[in-house]
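Residue strings, one per chain:
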Amino acid sequence: ETMPVCADDTSAVPGTVSDGEIHVTVKGMPEIVLPSMNPARGRVYFATRACVVCHSVNGVGGSTGPALDHEADGKAIEPLEFVTRMWRGARPMLALQESLFGEPIDLTPEELGDIIAFLHDANERKKFSEKDIPAFIRDFMAGRAGAGQR
């Protein structure tokens, strides 16, 4: 199914949603394709892809990285701004992932898009609790806290 997508930028040509991807064309530029972004899946990925080990939402999660309760409620999601902030912290974040997990976390574009949607969706964030964290992640976090590394 294809449906129109509205854009605030007057230089943007109305885009489409097709096969779950968002296609936008800005005059004079190649088409931009973004993955669909599902906040409910993002809530699951935030916990299962171990973001919660270092970051918190609703006070649930680690404190090594910044809390990710987002202040942009009701505003447009700006995924490139989010990715830019991740990029700026990439070196220490990757080093920490290597030391904690033995390798960096490898997110797909779809997983990252869903996590971004989750962090921008106040209703979905309100649902996030300890119950969302799988037992193996909770155990890992408990071990870190016991070792004074949280």
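Just so it is clear, the model here is predicted, and its values are computed rather than measured.

Asks: Would you mind going over the overall build of the chain with me for this structure?
Replies: A tally of helices and strands in the chain yields seven helices and six strands. When the helices and strands of the chain are listed from N to C terminus, the series reads β-β-β-β-α-α-β-β-α-α-α-α-α. Going through the 150 residues of the chain one by one, you find that 32% of them count as buried.

Asks: Can you walk me through helix H5 (residues 109-120) in this structure?
Replies: For H5, with twelve residues, the first-to-last C-alpha span of 17 Å sits near the 16 Å given by 1.5 Å per residue. Where H5 is concerned, the buried positions are Glu111, Leu112, Gly113, Asp114, Ile115, Ile116, Ala117, Phe118, Leu119 and His120.

Asks: What is the right way to read the environment of glycine 59 from this model?
Replies: As for its position among the elements, glycine 59 is in the loop between strand E5 (56-57) and strand E6 (60-61). Taking the relative accessible area as the measure of exposure, glycine 59 reaches 66% and is therefore exposed. Taking the C-alpha atoms as reference points, glycine 59 and phenylalanine 128, separated by 69 residues in sequence, lie 9.7 Å from one another.

Asks: What am I meant to see in the confidence of the model for the chain here?
Replies: Detailed reading of predicted coordinates is not advised where the pLDDT is low. When pLDDT is averaged across the chain, the result is 81; 77% of the residues are at 70 or more. Element-level mean pLDDT values for the chain span from 46 in strand E1 (residues 3-5) up to 96 in helix H1 (residues 39-48). Between residues 1-5, whose pLDDT stays under 50, and residues either more than four places distant or in other chains, the model counts 15 contacts.

Asks: Explain the packing of H1 against H5 here, please?
Replies: The geometry of a pair of packed helices is captured by two quantities: the angle between their axes and the separation between those axes. Two elements in contact, H1 and H5, have axes separated by 7 Å at closest approach and are oriented at 105 degrees. With respect to each other, H1 and H5 are oriented roughly perpendicular. Each of Pro39, Arg41, Gly42, Arg43, Tyr45 and Phe46 in H1 lies in contact with H5, whose residues at this interface are Glu111, Asp114, Ile115, Ala117, Phe118 and Leu119.

Asks: Explanation requested: the pairing of strand E3 (residues 21-26) in the structure shown.
Replies: Alignment of E3 against strand E4 (residues 32-34), held across three bridges, turns out to be antiparallel. Directly across from histidine 23, in E4, lies its bridge partner valine 33. Hairpin connection between E3 and E4: a loop of five residues separates the two successive antiparallel strands, and glycine 28 in this loop has a positive phi of roughly 85 degrees.

Asks: I would appreciate a short explanation of the packing of helix H3 (residues 79-88) against H5 in the present structure.
Replies: Closest axis-to-axis distance for the H3/H5 pair is 10 Å, and the angle between their directions is 105 degrees. Here H5 runs roughly perpendicular to H3, going by the angle between their axes. Counting all contacts with H3, which are made through Pro79, Phe82, Val83 and Met86, the residues of H5 involved are Leu112, Ile116 and Leu119. A breakdown of the residues in the contact of H3 with H5 according to their chemical character gives seven nonpolar, no polar and no charged.

Asks: Quick question: what am I supposed to make of the packing of aromatic side chains here?
Replies: Working definition: an aromatic ring pair is given by the centre-to-centre distance plus the angle between the planes. Scanning the model with the defined rule gives four aromatic pairs in all. Ring centres of phenylalanine 46 and phenylalanine 118 lie 5.6 Å apart, and the angle between their planes is 50 degrees; this geometry places the pair in the tilted category. Taken together, the positions of phenylalanine 46 in helix H1 and phenylalanine 118 in helix H5 put the pair 72 residues apart, joining distant regions of the chain. Pair check on accessibility: phenylalanine 46 and phenylalanine 118 agree, each one buried. Seen in terms of ring centroids, phenylalanine 101 and phenylalanine 140 are 5.3 Å apart; in terms of plane orientation they differ by 40 degrees. Their pairing is tilted. Residue phenylalanine 101 is located in helix H4 (residues 90-101), and its partner phenylalanine 140 is located in helix H7 (residues 135-146); the two are separated by 39 residues in the primary sequence. Judged by relative accessible area, which is 30%, phenylalanine 101 ranks as partly exposed. On the accessibility criterion, phenylalanine 140 (28% relative accessible area) is partly exposed.

Rules used in this analysis
- Residues numbered from 1 in each chain as written.
- Predicted model: local features only at pLDDT ≥ 70, side-chain atom pairs only at ≥ 80, totals over all residues.
- Heavy atoms only, no water.
- Helix = DSSP H or I, 4+ residues; strand = E, 2+ residues; numbered from the N terminus.
- Buried < 20%, exposed > 50% of the residue type's maximum accessible area, 1.4 Å probe, protein only.
- Expected span 1.5 Å × (residues − 1).
- pLDDT = per-residue confidence, 0-100.
- Contact = heavy atoms within 4.5 Å.
- Axes fitted to C-alpha atoms, helices over the stretch in contact; angles between N-to-C directions.
- Parallel < 35°, antiparallel > 145°, perpendicular 65-115°, else oblique.
- Pairing = 2+ DSSP bridges.
- Nonpolar A, V, L, I, M, F, W, Y, C, P; charged D, E, K, R; others polar.
- Phe/Tyr/Trp six-rings, centres within 6.5 Å; stacked < 30°, edge-to-face > 60°.

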